[in-house]
Amino acid sequence: MASVVKTSGGRMPSRAIQFTDSEGFRRTIRLGKGGLDATREFKHKVEALRSCAITNTLPDPPTSAWLAGLPDATYAKLADVGLVEPRTPAPAAPALSVWLKRYLDQRSDLKPASRKRMEQTVKLLKEHFGEGVPIDGITADGAAEWR
């Protein structure tokens, strides 16, 4: 059973959820300032996740959808107390030079003159942006400037 607790006073107090994990330790998830109804709804989700953790089962579809929609910071709070597995970070975007090399290597359909023009374009891109810039760091404005 989880409980809603106040962590500060005032008209809109900060709130937290406290529960006992499967090993008997008290865990606290601090939520900050928010409405009581939203905190109670969060508490019900925590209880469902706690039940799943104890019985080693998967959460129901609505709880899974709720988890998927949580911001990373809130999801990390649930992971810190052992209710869910931590999210794996998204893989980093490759560097411009790596991406361009892969792209040219897979283009076996190019005629020699087309390949030469593309290699010239690659050289100009590397000169303008630098070889180490991540591919997702190139903005539309930056591409328009290069063009």
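This text follows the structure it describes.
Residues numbered from 1 in each chain as written. Predicted model: local features only at pLDDT ≥ 70, side-chain atom pairs only at ≥ 80, totals over all residues. Heavy atoms only, no water.

A. Main features of helix α1 (residues 36-55). With 20 residues, α1 ought to run about 28 Å at 1.5 Å a step, and its terminal C-alpha atoms sit 29 Å apart, in line with that. In this structure, the buried residues of α1 make contact with β1 (3-6), β2 (14-20), β3 (26-33), α2 (61-69) and α3 (72-80). Looking one or two places after α1, you find N56, whose phi comes out positive at around 55°. (Helix = DSSP H or I, 4+ residues; strand = E, 2+ residues; numbered from the N terminus. Expected span 1.5 Å × (residues − 1). Contact = heavy atoms within 4.5 Å.)

B. Quick peek at the environment of K43. Here K43 lies in helix α1. Residue classification places K43 among the buried positions, given a relative accessible area of 15%. Spatially, the C-alpha atoms of K43 and R147 are 53 Å apart, while their sequence positions differ by 104 residues. (Buried < 20%, exposed > 50% of the residue type's maximum accessible area, 1.4 Å probe, protein only.)

C. Quick peek at the packing of helix α4 (residues 96-106) against helix α5 (residues 112-129). One way to put it is that α4 packs onto α5 with a least axis distance of 10 Å and a crossing angle of 175°. Classified by the angle their axes make, α4 and α5 are roughly antiparallel. Residue-level inspection shows L96, S97, L100, Y103 and L104 of α4 in contact with α5, the latter providing R115, M118, E119, V122, L125, K126 and F129. Looking at the contact of α4 with α5 residue by residue, the class counts come to eight nonpolar, one polar and three charged. (Axes fitted to C-alpha atoms, helices over the stretch in contact; angles between N-to-C directions. Parallel < 35°, antiparallel > 145°, perpendicular 65-115°, else oblique. Nonpolar A, V, L, I, M, F, W, Y, C, P; charged D, E, K, R; others polar.)

D. Looking closely at the side chain of R15. Tracing the backbone through its elements, the reader meets R15 in strand β2. Buried within the structure, R15 lacks any salt-bridge partner; D37 is the closest side chain of opposite charge, at an N-O distance of 8.9 Å. When near neighbours in sequence (up to four residues on either side) are disregarded, R15 contacts V4, V5, K6, T7, R30, L31, G32, G34, G35, L36 and T39. (Lys, Arg positive; Asp, Glu negative; His and termini not counted. Salt bridge = Lys/Arg side-chain N within 4 Å of Asp/Glu carboxyl O.)

E. Geometry of the pattern of salt bridges. Tallying each qualifying case throughout the model produces six salt bridges. Of the charged contacts, one joins R27 and D21 as a salt bridge, the two residues approaching to 3.0 Å between their closest N and O atoms. A residue is classified by how much of its surface remains accessible, and R27, at 29% relative accessible area, is partly exposed. The closest approach of N and O atoms between K101 and D105, which form a salt bridge, is 3.0 Å. Of this pair, K101 and D105 both sit in helix α4, four residues apart, roughly one helical turn.

F. Main features of the sheet that holds β3. Taken in spatial order, the three strands line up as β1-β2-β3 in an open sheet, and their pairing is antiparallel. Both edges of this open sheet fall to β1 and β3, since each of them pairs with a single strand only. Taken pair by pair, the neighbouring strands of this sheet meet at an average axis angle of 30°, ignoring direction. Looking at chain direction, β1 and β2 are connected through four bridges and run antiparallel. Counterpart to S3 in the pairing with β2 is Q18. Together, β1, β2 and β3 form the strand contacts of α1, whose direction differs from that of β2 by roughly 20°. (Pairing = 2+ DSSP bridges.)

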